[in-house]
Amino acid sequence: MNDQYAQLTRRLADADPDIARLIDTEGKRQHDSIRLIASENYVSQAVMDATGTLLTNKYSEGYAGRRYYEGQQVIDEIEELAISRAKAVFGVEHANVQPYSGSPANLAVYLAFLQPGDTVLGMSLPMGGHLTHGAKVSATGKWFKPVQYGVRADTGRVDFDQVRELALAERPKMIICGGTAIPRTVDFAKFAEIAAEVDALLFADIAHIAGLVAGGVHPTPVGHAEVISTTTHKTLRGPRGAMLMSTAERAKPLDKAVFPGLQGGPHNHTTAAVAVALAEAARPDFRTYANQIVANAKALAAAMVERGFDLVSGGTDNHLILVDLTGKDIGGKPAAKALDAAGIELNFNTVPFDRRKPLDPSGLRLGTAAITTRGMTEQHMPQIAAWMDEAVTAARDGREQALAPIAGQIRDFCADFPIPGWSAS
C-alpha cells in the first residue's frame, strides 16, 4: 500500500501539486480522526483501485447487450458481473447497478411506479426518514402528495398504529420504510402487512443497513418489499454509488426509470468498484465485520449512557446511534463542531419531536462502520465515549482550549489503526 500511495503522490504532484497536497491533507485528517459519521466508511484498497481505473474513459448508455455506443464487450461483462453478485449477496430476482447515488435511485422508484400527485406514505425527516421520502423541500414532496409517519414519543420506535391509520385514511400508492436516523431494527414484515392491506407498493430504502443485511445481522426486506434501494458505500463498504433491486415483475419499469428516465451513461469505474465490494461482502469475513459493527455500536451506546448521554430509543440494534443533547444543555451543532476540533467526526442531527431548528438541532448522529473497518473493537468504545463526553462538556462550559489536547490523544490512538489509501510515511 505504501508503494502504491507513494506512486500516486508522485504522479499527482507532478501533474497538479495543489490537488496532490489537498488529497494528502485529507488522508491525514481521515487517519488522525475517529470518524463516526454514520454514512461514511473506508473502502478497501481493491475498491479504491477499481474506482481509479481507465474504465472512466468509456461511455455506455443503455444496458448490457442493448447499448447506444459500440465497444461495450468488456463493459457488459463488468456490469453483468456486478448484477449477478448483487443478486447473490441480497437474494433478489433483479438488480440495477447504474444509479449514480441514493437520491436519484430513490427518485427512479417514484418515476417507475407513480404519477405526479400520487400519495406516498414515508417517514418524516425529523423522525428519521430521508429527504426523498416525501420531505417538503425535496422534489418528492413537491411533485407527489406526501403523508408522513413518525415514532412513538415514549419509545422512539416506529409508531405502527399511526402508520396503519394513515395508510387506511390516505390509501397511498406507495409506502416507504427505512431512513437515515433509525437506530432500531426495521420491521419489514409489519410494513408489508400494512401495504398489503391498502394495496400499496412497499419500497424499502436500506442505504444505511445494506452491509448489515448482507452480513446477516439485520433482517432482509427481500420477500416483503417489492422494490429495494441502497447506496453502495456506508455499511456495504463500496464506492460512492447506488443500486436498485426488485422482484422480476417490477424490473422493467425500474430499469426504464433509471435509463432513459433519469440518467445517461453509467459510471463504469464505479460499477467495477461496486462489483469488487459485492465480492468482498460475499466472503465469510464480511459477516464477522458486520457483527463487529453492531457489537461496537452497542458497546459505544452503553458507554455513552453511563456518561449521561440520552439516546433516542435508549440504544441501538444496528450501526447507528442518535443522541439527544437536551439534558447536556448544549445544541447539536456546537457539540459537533467541538467534537470535530477534538478529532471526533460526526454530524448534528434533528431528533424526534425536536424543539430546535433543523440547522441548529438538539441531536447528534453517529455510527460505527468506519471505526470497525479500522479494527477498533468493544474494548475501545468506553475511551471514545469518554473523549466525547470531555469534548461536549468543554464546549458547553466554553473551554475550547481543552479540545486540542483531546485531538492529540486521538491522533496517538489512531496511529495503531492504519487506513487503506494513505500512509503516514
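Whatever comes next refers back to the structure up there.
Let us look at the structure shown here. (Residues numbered from 1 in each chain as written. Predicted model: local features only at pLDDT ≥ 70, side-chain atom pairs only at ≥ 80, totals over all residues. Heavy atoms only, no water.)

**Details of the overall build of the protein**
And step 1. Assigned secondary structure in the protein consists of 16 helices and 15 strands.
And step 2. Relative to a compact globule of 425 residues, whose C-alpha radius of gyration would be 22 Å, the protein shows 22 Å and is just as compact.
And step 3. With the C-alpha coordinates of the protein rotated into their principal frame, the extents come out at 60 × 55 × 35 Å.
And step 4. Considering the protein as a whole, with its 425 residues, one finds that 56% of them fall into the buried category.
And step 5. Once local pairs closer than 6 in sequence are excluded, the contacts in the protein between residues at least 24 apart make up 72%.
And step 6. When the accessible area of the protein is evaluated, it comes to approximately 18300 Å², of which 52% is carbon and sulfur surface.
And step 7. Across the protein, the mean location of the 42 positive side-chain charges is 2 Å away from that of the 48 negative side-chain charges. (Helix = DSSP H or I, 4+ residues; strand = E, 2+ residues; numbered from the N terminus. Rg over C-alpha atoms; globule rule 2.2 N^0.38 Å. Buried < 20%, exposed > 50% of the residue type's maximum accessible area, 1.4 Å probe, protein only. Contact = heavy atoms within 4.5 Å. Areas by Shrake-Rupley, 256 points an atom, 1.4 Å probe, with all protein chains shown as cover. Lys, Arg positive; Asp, Glu negative; His and termini not counted. Charge placed at Lys NZ, Arg CZ, Asp CG, Glu CD.)

**Here we look at the pattern of salt bridges**
And step 1. As enumerated under the stated definition, the model contains 20 salt bridges in all.
And step 2. Residue Glu26 pairs with Arg29 through a salt bridge whose shortest N-O separation is 2.7 Å. With Glu26 and Arg29 both in helix H2 (residues 17-32) and three residues apart, this pair spans about one turn of that helix.
And step 3. Arg29 is the partner of Glu345 in a salt bridge, and the nearest nitrogen-oxygen pair spans 2.7 Å. Of this pair, Glu345 sits in strand E13 (residues 344-345) while Arg29 sits in helix H2, placing them 316 residues apart in sequence.
And step 4. For Glu345, a relative accessible area of 9% translates into the label buried.
And step 5. The structure contains a network of salt bridges with shared partners spanning Glu26, Arg29, Arg35, Glu40 and Glu345. (Salt bridge = Lys/Arg side-chain N within 4 Å of Asp/Glu carboxyl O.)

**Some thoughts on unusual backbone geometry**
And step 1. A cis amide bond links Phe259 with the next residue in sequence, Pro260, at an omega value of 10°.
And step 2. Notably, Lys234 is not glycine yet its phi reads approximately 55°, a positive angle.
And step 3. Mapped onto the elements of the fold, Lys234 is located in the loop between strand E9 (227-231) and strand E10 (242-246).
And step 4. Taking relative accessible area as the criterion, Lys234 reaches 9% and is therefore assigned buried.
And step 5. Here Phe353, not a glycine, exhibits a phi torsion of approximately 60°, which is positive.
And step 6. As for its position among the elements, Phe353 is in the loop between strand E14 (347-349) and strand E15 (363-367).
And step 7. Under the relative-accessibility criterion, Phe353 is labelled partly exposed at 49%.

**With respect to the nonpolar core**
And step 1. Phe90, Ile175, Phe191, Ile206 and Met243 are the most contacted members of the largest nonpolar core, which has 50 residues in total.
And step 2. In terms of nonpolar packing, the next biggest core, distinct from the first, is built from 39 residues, Leu325, Trp387, Ala391 and Ala394 among them. (Core = buried A, V, L, I, M, F, W, Y, C linked by side-chain atoms within 4.5 Å.)

**Remarks on the sheet that holds strand E8 (residues 201-205)**
And step 1. Pairing is mixed across the open sheet formed by seven strands, whose spatial order is E4-E10-E9-E8-E7-E5-E6. Two strands in the sheet have a free side with no partner beyond their single neighbour: strand E4 (94-96) and strand E6 (145-149). Put simply, the sheet's adjacent strands are angled 20° from each other on average, direction ignored.
And step 2. Relative to E10, E4 is paired through three bridges, and the arrangement is antiparallel. When the bridges of E10 are listed, His94 appears paired with Ser246.
And step 3. The strands that helix H4 (residues 73-90) touches are E4 and E10; relative to E4, the one it contacts most, it runs at about 130°. (Pairing = 2+ DSSP bridges. Axes fitted to C-alpha atoms, helices over the stretch in contact; angles between N-to-C directions.)

**Comments concerning a nonpolar patch on the surface**
And step 1. Together, Ile19, Leu22 and Ile23 line one region of the surface with nonpolar side chains, adding up to about 250 Å² of accessible area.
And step 2. Within the secondary structure layout, Leu22 lies in helix H2.
And step 3. By relative accessible area, which is 46% here, Leu22 ends up partly exposed. (Patch = residues over 30% accessible without salt bridge, like charges linked within 9 Å, V, L, I, M, F, W, Y side chains within 5 Å.)

**Structural notes on the side chain of Thr230**
And step 1. Residue position: Thr230 is located in strand E9.
And step 2. Here Thr230 is in contact with Ile206, Ala207, Ala210, Ala242, Met243 and Met245, once residues within four sequence places are set aside.

**Here's the deal with the environment of Ala404**
And step 1. Of note, Ala404 is situated in helix H16 (residues 403-414).
And step 2. Judged by relative accessible area, which is 52%, Ala404 ranks as exposed.
And step 3. Each C-alpha atom of the pair Ala404 and Ala341 lies 7.0 Å from the other, and the pair is 63 residues apart in sequence.

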